[in-house]
Amino acid sequence: MAQSMAALDLIPSWSRVPRVDVAPARDPEAVRDPEAVGLPVVQGAVAVPAWIGLGPGAVEAAGMTGAAGRVLLVPREDGPDVVLYGTGPEGAAGPDVLRDAGAAVALAVPGRSRLAVVVPSGAGAKPAEAAQALVEGVLLARYGFDPLKREPSGTALEAVTVVAGSDSDSDSREAVERGVERGVWLARATMLARDLASAPPSLLTAPDLAEVAVRLGAQCGLKVEVFGQRELEELGCGGLLGVNRGGVDEARMVKLTYLPSGAGDGTPRLALVGKGITYDSGGISLKPADAVHATMKNDMSGAGAILAALCVLAGLGCRTAVTGYLMCTDNMPSGSALKLGDVLWMRGGTSVEVVNADAEGRLVMADALVLAGEEPGDAIVDIATLTGACLRALGAETAGVFGNAQPLVDQVLDAAARTGEPAWQLPLSRRYRPELDSEVADLKNMGGPNGGAIHAALFLEEFVAGRPWAHIDIAGPAQNDKPSGWRTKGCTGFGARLLAELALAFTPPSTAARTDSTRSISEEAGR
Ligand code: BES
Ligand code: ZN
Ligand code: MN
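Presented here is an overview of the structure given in this document. Only a predicted model underlies this, so the values are computations on that prediction, with no experimental measurement involved. (Residues numbered from 1 in each chain as written. Chains lettered and ligands numbered in written order. Predicted model: local features only at pLDDT ≥ 70, side-chain atom pairs only at ≥ 80, totals over all residues. Heavy atoms only, no water.)

**Describing helix 11 (residues 406-419)**
Residue pairs spaced three or four apart in an α-helix point in one direction, given the helix's 3.6 residues per turn. Between its terminal C-alpha atoms helix 11 stretches 20 Å, which fits the 20 Å expected from 14 residues at 1.5 Å a residue. Among all positions in helix 11, only L408, V409, Q411, V412, A415, A416 and T419 are buried. Down the axis of helix 11, the buried set is contained in an arc of 155°. They therefore lie on one face. Where helix 11 ends, the next residue or the one after it, G420, has phi of about 70°, a positive value. (Helix = DSSP H or I, 4+ residues; strand = E, 2+ residues; numbered from the N terminus. Expected span 1.5 Å × (residues − 1). Buried < 20%, exposed > 50% of the residue type's maximum accessible area, 1.4 Å probe, protein only. Arc of directions from axis to C-beta.)

**A closer look at the pairing of strand 4 (residues 81-89)**
For strand 4, the tally of buried residues reaches eight of nine residues, placing the bulk of the element in the interior. Bridging between strand 2 (residues 36-43) and strand 4 involves seven bridges; their strand directions are parallel. In the sheet register, Q43 faces strand 4, and the bridge partner there is P89. When strand 3 (residues 71-74) meets strand 4, the two strands line up antiparallel, connected through four bridges. Paired with L72 across the bridge in strand 4 is L84. The antiparallel pairing of strand 3 with strand 4 creates a hairpin that spans six residues between the two strands, and G79 there sits at a positive phi of about 150°. (Pairing = 2+ DSSP bridges.)

**So, the site of ligand 1**
Every one of the 18 residues lining ligand 1 counts as a neighbour, but D280, K287, D358, E360 and G388 are closest to it. The contact in question runs from an oxygen atom of ligand 1 to an N or O atom on the side chain of D358, over 2.8 Å. Compared with its free state, where it exposes 510 Å², ligand 1 has 83% of that area covered by protein. For the shell around ligand 1, a count of residues per class yields seven nonpolar, four polar and seven charged. (Near = heavy atom within 4 Å. Polar contact = N/O pair within 3.5 Å; in protein donor to acceptor, adjacent residues only side chain to side chain. Areas by Shrake-Rupley, 256 points an atom, 1.4 Å probe, with all protein chains shown as cover. Nonpolar A, V, L, I, M, F, W, Y, C, P; charged D, E, K, R; others polar.)

**Remarks on the coordination of the zinc ion (ligand 2)**
The protein atoms donating to the zinc ion (ligand 2) are K275 (NZ), D280 (OD), D299 (OD) and E360 (OE), with metal-donor distances spanning 2.0 to 2.4 Å. Each of the six donor atoms around the zinc ion (ligand 2) contributes to a set of angles spanning 78 to 170°, which defines the coordination as octahedral. Ordering the donors of the zinc ion (ligand 2) by residue number gives the pattern K-x4-D-x18-D-x60-E. Here the manganese ion (ligand 3) and the zinc ion (ligand 2) are spaced 3.2 Å from one another, each receiving a donor from D280. With K275 in strand 9 (residues 269-280) and E360 in the loop between strand 12 (351-353) and helix 9 (361-374), this pair connects stretches of sequence that are 85 residues apart. Residue classification places K275 among the buried positions, given a relative accessible area of 2%. In this structure E360 comes out as buried when scored by relative accessible area, which is 1%. (Donors = N, O, S within 2.8 Å, 3.2 Å for Na, K, Ca; no water. Tetrahedral: all angles 85-135°; square planar, octahedral: opposite > 155°, others 65-115°.)

Structural measurements only, silent on function.
In structure tokens, the structure reads:
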């Protein structure tokens, strides 16, 4: 039965989003029979409405001080349960605090399916940002991957009402509506990315993933082109085809194109390249049968994040033209698999000696980086579960970011900060580049024992032809083994919202660089 599941059945979250609507403050209809209501409490000015049946003194005595991160569940007999959530001091609650608060509210009442949550007035975030963050937190916290279970693992959310803050005028109500819409699209992207990465590797092979992309693309206004074995041979994609040799399922490269309405010469253009290894056994360099190996169905999380981000760009009204390349195959050991010492020719003719079959990600990415660089565009950003070394360096929650153009790296870091998906820049230390020299080919696919995340980045840089480029290594944050708020256990969908935010705010980095130098020159002249 499971074997006959259609690929789309594996990604139910995309089409099963709870209803989310907005109610104005103090409207009697405001809270449409919710089963639970989240109410903000400000630290240092604890106040609660009389109808909850507890006064401020009792609330404080129960430990609800209003500190950020605190929640207090007030179960009620004749009306919705109340979940008080702390915002921190007046004006302090930014998007991170409110995303966490939305999650804490939703998790305080796990058996409730119809929730309302009141946006704090006078938060640190503007009403739109505050509403967006609350919605993201609520929806993402109650995510679960259920399509392979007989019974769903928890109570699904059906409806969420976001109630505008009590000082809200009609302007801020509109802002709340905008924020809610944004929050729903972005949460939906993350949930789609989680579903894709959670799907078992034999049910979501490269051809399956391509099929999902075709179907989703049709719903989301994307152009989708799928390249199979023959097309990849014609393109000379020796990296992707080489890695694919050990498996029985064919490789696929999926090219997704999002064009904003009215796109023209002045439209900023961003290319995204994603690692889509549907399962990484290590190939002939077989991974040990340990806990990390057991997560390797998620080795397509980069590709999944790109697909998910592209699927929401039209809904979000993105003004950047975005092209996505998903490089999809499994990495399997077999009689036909890559051997150590084999040499592959990447798109564009660079030869690479394979000295470790487990350093497969960079091989499949190389072909796409070359293809992306062949098309007109302002920047390339790639995303990949690329190195255990990055996980070692930054821990499991933070992505590593590398790049050859600081203004672009800064845009990636800014997008990461806005989404609560932490990222930290690591150095593209060219002094280590000689470690990738091969005795028989132009490059080899692995350097020495130390600095592995840097070696991988330096390898990728060889293929970007000088185009402004940034690389996001998500080997750590793609997986979460202890749930915390909206960061649920398992595959995290990390990067989907980051990339969507990046595309929404994207400025061609060459222009940005010029602006910067102009400013510093004129500032010096003024001094
Ligand atoms: N997919 C792995 C990277 C990875 C490791 C992701 C651990 C998440 C957790 C990648 O293909 C890989 O195997 N990288 C090797 C590279 C090495 C052989 C140069 C690694 O990091 O060990
Ligand atoms: Zn891998
Ligand atoms: Mn590997």
